[in-house]
Amino acid sequence: VVSNSGQSTGNAVKLVAGDLNALGADSLLLGGLRDISNGGNGSVHLTVGADTVTLSNDAKNPLSGPEIVIAANRSINLDSGASVQGSGSLGRASQDLSLDGGGALMRVSSGGPVAVVRVNSTAITGTLNIANGATVAASGSANLDATGNVTLNGQVNIAPGGALSLAANGIDLG
């Protein structure tokens, strides 16, 4: 995810933060597919397809919406200056997330907290890297989840009364 279409992403798919924001989606998922027909148990099942998701946008062009979910099999990277914000009015109740296997997941939302449930997860290779100068913000709740390590050198801003879930095999608060 970049700030403008002129930014290079090499061979990776290029998504512009402003274009994604303009969709007006109540919930935006990057890196996978969601199945809301998960047996009626109130959770949403995610099938992760991306190996890596990188945010290289900036604070003037944040990726923002009522709920942003990013998932990857190997790594999620927020480069220095990148910004993701969960804000606005979520038009539904927050739902728990379930996914198969290892990897990384980040969720920011204006809604309430959710559980992240991993099934058949033996891998400890998923990483979530938030670089110095990057910002993760939520007016309601946030999940930073990885089966490997979470490295947090940037800023996490949760509104008063909000909730933060931080889950990983190893956590580095830099």
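Residues numbered from 1 in each chain as written. Predicted model: local features only at pLDDT ≥ 70, side-chain atom pairs only at ≥ 80, totals over all residues. Heavy atoms only, no water.

**Let's talk about the layout of surface pockets**
Space inside the largest pocket adds up to approximately 280 Å³. Residue lining of the largest pocket: 13 residues in total, with V1, A12, V13, V53 and T54 positioned closest to the centre. With three residues, strand β4 (residues 52-55) is the largest single contributor of residues to the lining of the largest pocket. For the lining of the largest pocket, the per-class residue count stands at eight nonpolar, five polar and no charged. (1 Å grid on protein atoms, 1.4 Å probe; cavity = no way out; pocket = protein on both sides within 12 Å on 5 of 7 lines; lining within 4 Å. Points joined across faces, edges and corners; volume = space filled by probe spheres on them. Helix = DSSP H or I, 4+ residues; strand = E, 2+ residues; numbered from the N terminus. Nonpolar A, V, L, I, M, F, W, Y, C, P; charged D, E, K, R; others polar.)

**Quick word on the sheet that holds strand β13 (residues 135-138)**
Spatially, β5-β8-β13-β16 is the arrangement adopted by the four strands of the open sheet, whose pairing is parallel. The open sheet is flanked by β5 (63-65) and β16 (155-158), the only strands paired with a single partner. Strand after strand, the sheet turns through a mean of 5° between neighbouring axes, direction not considered. Across four bridges, strand β8 (residues 83-86) lies against β13 in parallel orientation. In the sheet register, V84 faces β13, and the bridge partner there is V136. (Pairing = 2+ DSSP bridges. Axes fitted to C-alpha atoms, helices over the stretch in contact; angles between N-to-C directions.)

**Quick notes on the nonpolar core**
Judged by nonpolar contacts, the single largest core of 29 residues is most densely connected at L55, L63, I70, L78, V84, M106 and L128. What V84 contacts, discounting residues up to four positions off in sequence, is L55, L63, I68, L78, M106, V108, T135, V136 and A137. In this structure, L46, V48, V69 and L99 belong to the second largest nonpolar core, which totals nine residues. (Core = buried A, V, L, I, M, F, W, Y, C linked by side-chain atoms within 4.5 Å. Buried < 20%, exposed > 50% of the residue type's maximum accessible area, 1.4 Å probe, protein only. Contact = heavy atoms within 4.5 Å.)

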